[in-house]
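Okay, here's what each chain looks like letter by letter:
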Amino acid sequence: AQSVTQLDSQVPVFEEAPVELRCNYSSSVSVYLFWYVQYPNQGLQLLLKYLSGSTLVKGINGFEAEFNKSQTSFHLRKPSVHISDTAEYFCAGLMNTGFQKLVFGTGTRLLVSP
Amino acid sequence: SAVISQKPSRDICQRGTSLTIQCQVDSQVTMMFWYRQQPGQSLTLIATANQGSEATYESGFVIDKFPISRPNLTFSTLTVSNMSPEDSSIYLCSVSHNPLDEQFFGPGTRLTVL
């Protein structure tokens, strides 16, 4: 079973509209969760992370995510997207094994159009 | 945070040859990792580079194919040996100061094998 699942491979949205990118994690993944963004031909940049504390996490570029333990979800949201948000978004989590391992979802391509 | 550089940024190689990718960090880090991102896909962990000892490889990856060195706390190399077109991918180095925290990624090395 996929440890981190991103159900949407692609999400098209118009500029200034809200967006939610979904992420669910399995029991093999710890509650140390991350969202990364990858712009074309670039490496990965951390958007935000949840390690503990408040379940609503705010990140860079106006993104936020909510950790929901009962639903094993960590969905990413932005109330108003820009053209420049067009990128690939990866949800990731640390495995529950004793040795640190970061496992990634398959990614969601956000396509923002005017 | 950490600033990571990788060399080369891209390369085109002939099948049967080998390529060594370098990863340099601007500060000492506890952990260094190597990932592969095949075209249009997510990231897969190849191995954890251990300073002063053999790397720890993930299932499906072997030392003979992907030898890794880490002579100190700021530098690591990944060699892709006896390359085939299936090795065409982006190879990314990442680092972490804390096993239970975020990883910082380099810009990646885009490898094409003909």
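For every chain, the first residue of its written sequence is number 1, and the numbers climb from 1 along that sequence. Here every chain gets a letter starting at A, and every ligand a number starting at 1, in the order they are written. Whole-chain, interface and lining totals are the exception, using all residues; otherwise, since this is a predicted model, local features are given only for residues with pLDDT of at least 70 and side-chain atom pairs are given and counted only at 80 or more. Side-chain measures here rest on the full set of heavy atoms in the structure, leaving out hydrogens and waters.

Caption draft 1: The arrangement of the overall build of chain B in detail. Secondary structure elements follow DSSP: runs of H or I no shorter than four residues count as helices, runs of E no shorter than two count as strands, and numbering proceeds from the N terminus. Helix and strand counts for chain B come out as 0 helices and 11 strands. Walking chain B from its N terminus toward its C terminus, one meets helices and strands in the order β-β-β-β-β-β-β-β-β-β-β. In terms of overall dimensions, chain B is globule-like: its C-alpha atoms have a radius of gyration of 13 Å, near the 13 Å expected for 114 residues. Here the C-alpha coordinates of chain B stretch approximately 40 × 25 × 20 Å along the principal axes. As a reference, a globule follows 2.2 Å times the number of residues to the power 0.38, and the radius of gyration itself is taken over C-alpha atoms.

Caption draft 2: Looking closely at the interface of chain B and chain A. Of the residues lining the interface, 23 residues belong to chain B; the matching set on chain A comes to 20 residues. Once two parts are joined, some of their accessible surface, as seen by a 1.4 Å probe, is lost; buried area is that loss totalled over both. When chain B packs against chain A, the two sides together hide about 1700 Å² of surface, and 53% of this comes from carbon and sulfur. When the area that chain B buries against chain A is broken down by residue, the three leading residues are B:Leu100, B:Glu102 and B:Phe105, summing to 26%. Put simply, a salt bridge is a Lys or Arg side-chain nitrogen that is within 4 Å of an Asp or Glu carboxyl oxygen. Here chain B and chain A share 3 salt bridges between them. Put simply, B:Asp101 and A:Lys49 hold a salt bridge, and the shortest N to O gap is 2.9 Å. Contacts described as polar in this section are N or O atom pairs within 3.5 Å, which, within protein, must combine one atom able to donate a hydrogen with one able to accept it, while residues neighboring in sequence count only if both atoms come from side chains. Across the contact surface, chain B and chain A share 6 residue pairs in polar contact (both at pLDDT 80 or more). Elements supplying a minimum of two residues to the side of chain B that touches chain A: β4 (31–37), β5 (43–49) and β9 (89–96) of chain B. In terms of residue count, the dominant contributor to the side of chain B that touches chain A is β4(B) (4 residues). By the convention used here, residues are in contact when the closest approach between their heavy atoms is within 4.5 Å.

Caption draft 3: Local environment of the environment of B:Glu54. With respect to the secondary-structure elements, B:Glu54 resides in the loop between β5 and β6 (56–57). Expressed as a C-alpha distance, the spacing of B:Glu54 and B:Ser81, which sit 27 residues apart in the sequence, is 17 Å.

Caption draft 4: Region of the structure containing the state of the cysteines. Residues and elements named next belong to chain A. Note on terminology: pairs of cysteine sulfur atoms within 2.5 Å are recorded as disulfides. Under the criterion given, the structure shown has 2 disulfides over all chains. Here Cys 23 pairs with Cys 91 through a disulfide, and the sulfurs are 2.0 Å apart. Disulfide Cys 23-Cys 91: torsion about the S-S bond near -65 degrees, hence left-handed. Taken as a pair, Cys 23 in the loop between β3 (19–21) and β4 (24–25) and Cys 91 in strand β10 (residues 87–95) lie far apart in primary sequence, 68 residues in all.

Caption draft 5: Expanded view of the sheet that holds strand β1 (residues 4–7) of chain B. Residues and elements named next belong to chain B. For two strands to count as paired, DSSP must find a minimum of two bridges between them. In spatial order, the strands read β1-β3-β8-β7; together these 4 strands make up an open sheet with antiparallel pairing. Sheet topology places β1 and β7 (68–72) at the edges, where each strand pairs with a single neighbour. Averaged over neighbouring strand pairs, the angle between their axes works out to 15 degrees when direction is ignored. Where β1 lies against strand β3 (residues 19–25), 4 bridges are found, and the strand directions are antiparallel. Bridging from a neighbouring strand, Ser 5 pairs with Gln 24 of β3. Lines fitted to C-alpha atoms define the axes, with helix axes restricted to the stretch in contact, and inter-axis angles between N-to-C directions lie between 0 and 180 degrees.

Caption draft 6: Spotlight on the nonpolar core. To qualify as a nonpolar core, a set must consist of buried Ala, Val, Leu, Ile, Met, Phe, Trp, Tyr and Cys residues joined through side-chain atoms within 4.5 Å. The cut-offs for exposure are 20% and 50% of the maximum accessible area for each residue type, with area from a 1.4 Å probe on protein chains only; residues under the lower value are buried, those over the upper are exposed, and the others partly exposed. One finds A:Trp35, A:Leu48, A:Phe74, A:Leu76 and A:Tyr89 to be the most contacted residues of the largest nonpolar core, which totals 29 residues. Listed by contribution, the elements that provide at least two residues to this core are β2 (10–14), β3, β5 (29–38), β6 (44–50), β8 (64–68), β9 (73–78), β10 and β12 (108–113) of chain A. Core analysis: the second largest hydrophobic core is formed by 27 residues, B:Leu19, B:Cys23, B:Ala55 and B:Met83 among them.

Caption draft 7: Examining the packing of aromatic side chains more closely. Geometry of aromatic contacts follows a simple scheme: Phe, Tyr and Trp rings, the Trp one being its six-membered ring, pair when their centres are within 6.5 Å, and the pair is stacked under 30 degrees between planes, edge-to-face over 60, tilted otherwise. Within this structure, the stated rule accounts for 12 aromatic pairs over all chains. Pairing A:Tyr36 with A:Phe104 gives two aromatic rings, centres 5.9 Å apart and planes at 45 degrees, and the pair type is tilted. Linking A:Tyr36 in strand β5 with A:Phe104 in strand β11 (residues 102–104), this pair joins segments that are 68 residues apart in sequence. With a relative accessible area of 0%, A:Tyr36 lands in the buried category. Judged by relative accessible area, which is 4%, A:Phe104 ranks as buried. Seen in terms of ring centroids, A:Phe104 and B:Tyr35 are 5.7 Å apart; in terms of plane orientation they differ by 90 degrees. Their pairing is edge-to-face. Placement of A:Phe104 in strand β11 and of B:Tyr35 in strand β4 is noted, with the two residues assigned to different chains. Among the aromatic residues, ring-to-ring pairing joins A:Phe34, A:Tyr36, A:Phe90, A:Phe104, B:Tyr35 and B:Phe105 into one connected group.

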